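Working through the structure, step by step
Now for the letters of each chain:
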Amino acid sequence: MTDGPTDTPARPMERPLERPVERYDFAAAEPRWQAAWEQGALFAAPDVPDGTKPKYYVLEMFPYPSGKIHMGHVRNYTLGDVVARYKRARGHAVMHPMGWDAFGLPAENAARERGTHPAAWTYANIAAMRAELKSMGLSLDWSREFATCDPEYYGKQQALFLDFLQAGLVERRKSWVNWDPVDGTVLANEQVIDGKGWRSGAPVEKRELSQWFLAITKFAPDLLAALDTLDRWPERVRTMQANWIGRSEGARVRFPLAAPVDGVTEAEVFTTRPDTLFGMSFLAVAAEHPLAAAAAARDPAAAAFVAECRSQGTSEAAIEQAEKKGFDTGFRVAHPFLEGATFPVWIANFVLMEYGTGALFGCPAHDQRDLDFARKYGLPVPPVVLPPGEDPASFAIGRTPWTGDGTLYNSAFLDGLDTAAAKRAAIDALEARGLGQGVVNWRLRDWGVSRQRYWGCPIPVIHCEACGTVPVPKDQLPVLLPEDVDFSVPGNPLDHHPSWKHVACPSCGAPARRETDTCDTFVDSSWYFARFCAPRAEAPITPEAADAWLPVDQYIGGIEHAILHLLYARFFTRALSTMGQVRTPEPFAGLFTQGMVQHASYKAPDNRWLAPDEVEVAADGSAVEKGTGIPLTVSRNDKMSKSKRNTVDPGAIISRYGADTARWFILADNPPDRDMEWSESGVAGAHRFVQRLWRLAATLDQKGAATPGGRAGDGDARPLMQATHRTIAAVTAALEGFAFNVAVARLHEFANAIEGSNAPLEARREAVSVMARLVAPMMPHLAEELLSILRPGTTDLVAGMPWPEADPALLAAETMTIAVQVLGKLRATLSLPVGTPEDAVLAAAEAEENVQRAIAGKPIRKRIHVPGRIVNFVV
RNA sequence: GCGGGUGUGGCGGAACGGUAGACGCGACGGACUCAAAAUCCGUUUCCGGCAACGGAGUGUCGGUUCGAGCCCGACCACCCGCACCA
């Protein structure tokens with residue numbers, strides 16, 4: 001024995017505690033109750049509910065198996081579990097499943113860095129996180145668990161991909177894509193945040209590649225219109241989606257080229273202002289536009305300009321600073337209405353190839369950006385819309401364009417029309433001449449799902465010289481990922497694999513090449529909620545099960561998925577619905593977006609970040625480093641992050657305080673849609689309440705406040721019964737409204753009421769039994785413990801008990817408190833029996849000394865009486 | 001620029017148009033302890049007052065109302081989303 005002291009130093013005399021203070025042993029109790037629930041299979045749901053109870057599908061966004069759960073997970077799954085347990089108690093058939101969003105880049109990075117296989121890394125993480133989630137005591141149906149990287153899951157996804165292909169909802173085409181140079185893969189538009197890759201943070205480049213696209217744009221009108229039906233979604237998520245889908249009405253206009261260039265005979269633009277066509281000054285195309293390419297082929301200066309545009313940053317800062325730059329190609333286009341007039345074609349760095357047609361007509365008099373451009377290059381600025389009240393002879397455009405409505409002039413057949421009428425007339429004229437038509441343009445782009453990665457769902461397609469792209473026959477699914485892969489070289493390991501991609505063409509048998517792109521992982525999470533309904537079935541989705549359970553009644557997750565995941569899942573469900581695989585067009589009837597869990601962060605003068613346990617926090621909130629006493633800069637409400645070292649490990653919290661304490665604090669602190677601050681003192685406070693409730697039950701027969709002159713526990717039961725039933729009503733209302741912090745407050749009050757009550761033992765026992773059922777959704781283990789104290793030897797579980805019903809007879813009070821105001825100012829409060837007639841209430845109010853003083857002898861002009869609430873005298 | 005949201009004690013936050021600050025955290029005072037921990041009791045929006053009580057008070061200014069944190073109008077601050085979108 002060399003480690004540790006071999007003897008203990010002499011200690012001062014210790015006196016044994018006369019009466020050891022008993023405390024709730026959550027560390028023993030929590031696993032015991034988790035085992036009891038599991039044994040009773042209390043949370044298992046059938047694939048197809050028998051219809052005797054209304055169904056309720058509660059789902060939290062499934063986690064990425066990064067290795068450990070974090071506080072955001074604890075909050076997310078606690079919120080979902082409260083809903084699940086509450087709805088179960090209210091008599092619903094509840095489905096509450098859990099799985100793993102398990103494909104993705106971190107597994108490959110781990111493989112590169114440490115040589116572990118992505119599958120091994122992922123499944124080890126899942127095992128660790130499953131154990132952590134189980135320690136939280138969540139009422140999950142674990143029998144439905146799957147990971148998206150299971151061949152049983154991604155094989156079904158491949159079958160769905162083939163269905164999409166057959167339905168014409170998948171296309172392969174060459175296009176300009178967002179390329180993330182760090183992750184070495186393509187990104188969808190939604191995954192480019194502020195010009196940078198959503199995961200890597202690297203500035204995104206433009207590349208032209210052949211890609212697989214899902215036709216989300218076919219559903220753009222439906223996806224937009226149906227937002228109005230999602231009345232249980234947060235307003236801001238709906239607006240964000242509406243903005244993202246981005247509908248705008250206008251026209252497509254074709255401008256014939258004065259002389260065809262490389263076979264190109266016209267340039268088509270999209271405009272929302274066809275009324276201003278007579279104010280045209282130039283035509284501008286994107287650097288990626290065919291006309292720009294034609295110019296570049298002819299003129300090295302044009303080629304240089306195109307190259308410059310392509311390297312231009314797309315970040316907000318870069319755009320802000322970037323000048324409006326252009327290059328005159330020398331090409332000219334004819335005007336659709338002005339006979340003989342032609343306009344120059346410019347390449348401009350502000351024209352986006354991805355929006356509209358990649359070309360626009362410039363009308364500087366009525367558009368700020370066009371005006372800046374025209375002023376810079378000395379192009380004409382002809383006004384065509386006269387603002388209300390302006391004189392056509394004197395109206396001129398200075399530094400700001402007129403972008404509002406007005407009366408058309410200088411515009412031939414549009415003269416005298418207002419903006420709205422002119423738009424219609426211009427579109428009619430374009431359509432009559434075959435030079436354009438009214439269209440609705442969408443900002444939403446098709447969803448490019450090809451990713452040049454290993455750890456994803458292989459796209460089940462084979463490329464054959466003779467037959468083109470051939471779908472893998474369904475009876476050959478799943479297309480399994482090869483296990484022997486080499487991560488030592490950059491790029492897509494599937495591409496490097498010596499044999500995997502070489503296959504025979506399923507159609508002609510000739511040697512062919514397997515598609516080596518894998519699916520964007522957002523595909524995996526676009527239908528998992530449907531798979532949960534029948535997770536082991538042969539078909540990807542089982543209509544009887546999916547139609548019985550979908551839509552998800554309550555979906556809960558972070559606001560960061562407001563666009564990406566939620567839009568993709570809506571699209572998938574709509575597509576599946578048109579293919580007859582599910583009935584519902586919308587996946588999530590109710591959506592709740594939770595706030596982030598934050599924590600104070602501590603920074604030393606030498607820029608070191610300190611973890612919370614390295615810090616001494618004073619009462620005034622200031623902090624110093626433990627040991628050294630170096631003063632620290634404290635920043636409240638910082639997002640938890642490893643770099644700032646302000647993360648709190650849920651595992652440590654649960655082993656120190658128990659799962660119930662963590663759950664209770666996270667619910668109690670603030671409304672769940674707001675960001676919350678994790679604080680050590682707050683957790684400790686929550687734990688005090690856990691212990692207090694336990695003590696309340698454990699010492700029930702010893703307690704009971706004595707009334708003056710009476711004995712403990714010999715008082716009237718009715719006040720406590722009333723408090724009990726008022727609490728039932730209040731907590732029920734709070735839980736229904738996601739006001740969990742209010743529910744917590746009401747339960748605190750209830751605990752105060754029980755402790756202060758001198759009701760007989762039986763009444764207090766009944767109150768604690770109601771308490772057990774009311775706290776159960778939030779602190780399920782403690783609830784079971786309370787019941788077992790009240791009813792020793794019982795095998796009943798609170799988790800299987802119905803929600804208590806408030807008795808209306810006990811909600812009614814015998815006395816009411818009336819506030820008495822004079823001129824709207826509170827002067828007295830009256831306590832009167834319920835049912836006191838109005839004249840008696842008014843008389844009592846007027847008789848109050850303070851009221852008399854405030855009235856000061858003036859005549860009362862008006863007496864307002866709101867029964868049971870208030871009296872207001874107007875003098 | 002466009003769209004959405006939020007402003008209440010030292011802090012998190014309560015409040016069908018009807019007693020603003022429930023409940024908790026923190027702080028302060030006290031009890032129990034040799035001492036501590038744990039627990040219990042009390043105080044805690046600000047100003048004046050020993051008190052009863054009075055005055056002020058929910059970002060600012062105005063309006064509606066017997067009565068406004070809540071409804072309406074204008075503004076200010078902060079947060080979030082989108083954006084050379086034609």
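Each value, and the rule that gives it
Residues numbered from 1 in each chain as written. Chains lettered and ligands numbered in written order. Predicted model: local features only at pLDDT ≥ 70, side-chain atom pairs only at ≥ 80, totals over all residues. Heavy atoms only, no water. Helix = DSSP H or I, 4+ residues; strand = E, 2+ residues; numbered from the N terminus. Buried < 20%, exposed > 50% of the residue type's maximum accessible area, 1.4 Å probe, protein only. Contact = heavy atoms within 4.5 Å. Areas by Shrake-Rupley, 256 points an atom, 1.4 Å probe, with all protein chains shown as cover. Lys, Arg positive; Asp, Glu negative; His and termini not counted. Charge placed at Lys NZ, Arg CZ, Asp CG, Glu CD. pLDDT = per-residue confidence, 0-100. Arc of directions from axis to C-beta. Polar contact = N/O pair within 3.5 Å; in protein donor to acceptor, adjacent residues only side chain to side chain. Axes fitted to C-alpha atoms, helices over the stretch in contact; angles between N-to-C directions. Left-handed = near helix turned anticlockwise from the far one by under 90°. Nonpolar A, V, L, I, M, F, W, Y, C, P; charged D, E, K, R; others polar. Near = heavy atom within 4 Å. Pairing = 2+ DSSP bridges. Core = buried A, V, L, I, M, F, W, Y, C linked by side-chain atoms within 4.5 Å. Salt bridge = Lys/Arg side-chain N within 4 Å of Asp/Glu carboxyl O. Parallel < 35°, antiparallel > 145°, perpendicular 65-115°, else oblique.

1. Structural notes on the overall build of chain A
The secondary structure content of chain A amounts to 27 helices and 35 strands. Counting over 875 residues, chain A shows a buried share of 52%. In chain A, the proportion of contacts linking residues at least 24 apart, taken out of those at least 6 apart, comes to 71%. Looking at chain A as shown, the accessible area adds up to about 39300 Å², and 53% of this sits on carbon and sulfur atoms. Computed over 90 positive and 106 negative side-chain charges, the separation of the two mean positions in chain A equals 3 Å.

2. Brief notes about the confidence of the model for chain A
Taken residue by residue, chain A gives an average pLDDT of 89. The fraction at 70 or more is 95%. Every residue in residues 706-710 scores below 50 in pLDDT, and together they form four contacts with partners more than four places removed in sequence or on other chains. As a predicted assembly, this complex carries a pTM of 0.91 together with an ipTM value of 0.95.

3. A word on helix 11 (residues 368-377)
For helix 11, the set of buried residues is Asp370, Leu371, Phe373 and Ala374. Projected down its long axis, helix 11 shows its buried positions confined to an angular sector of 165°, all on one face. Where helix 11 is buried, its residues contact strand 10 (282-285), strand 11 (326-334), strand 12 (342-348) and strand 13 (359-362). For helix 11, the N-terminal cap is Asp367; the gap from its side-chain oxygen to the backbone nitrogen of Arg369 is 3.0 Å. With its phi angle positive at about 65°, Gly378 sits one or two positions after the end of helix 11.

4. Here's the deal with the packing of helix 20 (residues 680-698) against helix 22 (residues 740-756)
Two elements in contact, helix 20 and helix 22, have axes separated by 11 Å at closest approach and are oriented at 35°. Where helix 20 crosses over helix 22, the handedness of that crossing is left-handed. Where helix 20 approaches helix 22, its residues Phe689, Arg692, Leu693 and Leu696 are matched on the opposing element by Leu747, His748, Ala751, Asn752, Ile754 and Glu755. In terms of residue class, the contact of helix 20 with helix 22 is made up of six nonpolar, two polar and two charged.

5. Some points on the protein's contact with RNA strand B
Close to RNA strand B lie 55 residues, the nearest being Lys324, Tyr355, Arg443, Asp669 and Asn872. Backbone atoms, meaning sugar and phosphate, form 62% of the atoms of RNA strand B found within 4 Å of the protein. Measuring from a base nitrogen of RNA strand B, one finds a backbone N or O atom of Tyr355 at 2.7 Å. Here a base nitrogen of RNA strand B sits 2.8 Å away from a polar atom, N or O, in the side chain of Arg869. Per-class residue counts for the surface near RNA strand B are 20 nonpolar, 16 polar and 19 charged.

6. Describing the sheet that holds strand 25 (residues 591-594)
One open sheet accounts for four strands, arranged 2-1-24-25; its pairing is parallel. Among the strands making up the open sheet, the edge pair consists of strand 2 (93-95) and strand 25. On average, each strand axis in the sheet is tilted by 20° relative to the strand beside it, whichever way the strands run. Sheet topology note: the strand 24 (residues 554-558)/strand 25 ladder contains four bridges and is parallel. The residue of strand 25 that forms the bridge with Ile556 is Phe592. The sheet strands contacting helix 2 (residues 71-89) are strand 1 (55-60), strand 2, strand 24 and strand 25, and the helix crosses strand 1 at an angle near 175°.

7. Considering the nonpolar core
Formed by 183 residues in total, the largest nonpolar core has its most connected members in Tyr57, Trp447, Phe529, Phe571, Phe572, Trp678 and Met778. For Met778, the residues in contact, after removing those within four places along its chain, are Val82, Asp660, Arg663, Trp664, Leu667, Leu735, Ala743, Val744 and Leu747. Membership of the second largest hydrophobic core comes to 41 residues, among which are Val253, Ala302, Cys363 and Leu430.

8. Description of the side chain of Glu784
Tracing the backbone shows Glu784 in helix 24 (residues 780-790). Nearest to the buried, unbridged Glu784 among oppositely charged side chains is Arg85, at 5.5 Å. Here Trp37 takes part through its side chain, which lies 2.9 Å from a polar atom of the side chain of Glu784. Those residues in contact with Glu784, other than ones at most four positions away along the chain, are Trp33, Trp37, Asp796, Leu797, Val798 and Ala799.

9. Observations concerning the packing of helix 19 (residues 659-668) against helix 22
Running from amino to carboxyl end, helix 19 crosses helix 22 at an angle of 110°, the nearest separation of the two axes being 7 Å. Accordingly, the angle class assigned to the pair helix 19 and helix 22 is roughly perpendicular. Within the contact between the two elements, helix 19 uses Trp664, Leu667 and Ala668 and helix 22 uses Phe740, Asn741, Val744, Leu747 and His748. Looking at the contact of helix 19 with helix 22 residue by residue, the class counts come to six nonpolar, two polar and no charged.

10. With respect to unusual backbone geometry
Most peptide bonds adopt trans geometry, and most residues besides glycine take a negative phi value. A cis amide bond links Leu477 to the next residue, Pro478, at an omega of 0°. Position of Pro478 relative to the elements: it lies in the loop between strand 20 (468-471) and helix 13 (493-496). Residue Leu550 is joined to Pro551 through a cis peptide bond whose omega torsion reads 0°. The topology assignment puts Pro551 in the loop between helix 16 (543-549) and strand 24. Even without being a glycine, Leu823 presents a positive backbone phi close to 55°. The topology assignment puts Leu823 in the loop between strand 32 (815-822) and strand 33 (825-833).

11. Comments concerning the side chain of Ser526
With respect to the secondary-structure elements, Ser526 resides in the loop between helix 14 (521-524) and helix 15 (528-531). A residue is classified by how much of its surface remains accessible, and Ser526, at 0% relative accessible area, is buried. Only 2.6 Å separates the side chain of Ser526 from the backbone oxygen of Phe522, close enough to count as a polar contact. Here Ser526 is in contact with Trp447, Tyr568, Ala569 and Phe572, once residues within four sequence places are set aside.

12. Quick look at the pattern of salt bridges
Considering all chains together, one arrives at 41 salt bridges under this definition. The closest approach of N and O atoms between Arg254 and Glu268, which form a salt bridge, is 3.6 Å. Taken together, the positions of Arg254 in strand 8 (residues 247-261) and Glu268 in strand 9 (residues 264-271) put the pair 14 residues apart, joining distant regions of the chain. According to the relative accessible area criterion, Arg254 is buried, its value standing at 19%. What makes Glu268 partly exposed here is its relative accessible area of 24%. Across the pair Glu586 and Arg570 runs a salt bridge, and its minimum N-O distance is 2.8 Å. You can see Glu586 sitting in the loop between helix 17 (564-578) and strand 25 and its partner Arg570 sitting in helix 17, a full 16 residues away along the chain.

13. Things to note about the pairing of strand 26 (residues 597-603)
In terms of burial, strand 26 is a largely internal element, six of the seven residues being buried. Examined bridge by bridge, strand 26 and strand 31 (residues 676-677) share two bridges and lie parallel to one another. The residue of strand 31 that forms the bridge with Val597 is Met676. Bridge analysis of strand 26 against strand 27 (residues 609-610) gives two bridges, and the strand direction is antiparallel. In the sheet register, Lys603 faces strand 27, and the bridge partner there is Trp609. Between strand 26 and strand 27, which pair antiparallel and follow one another directly, the connecting turn spans five residues, one of which, Asn607, has a positive phi of 70°.

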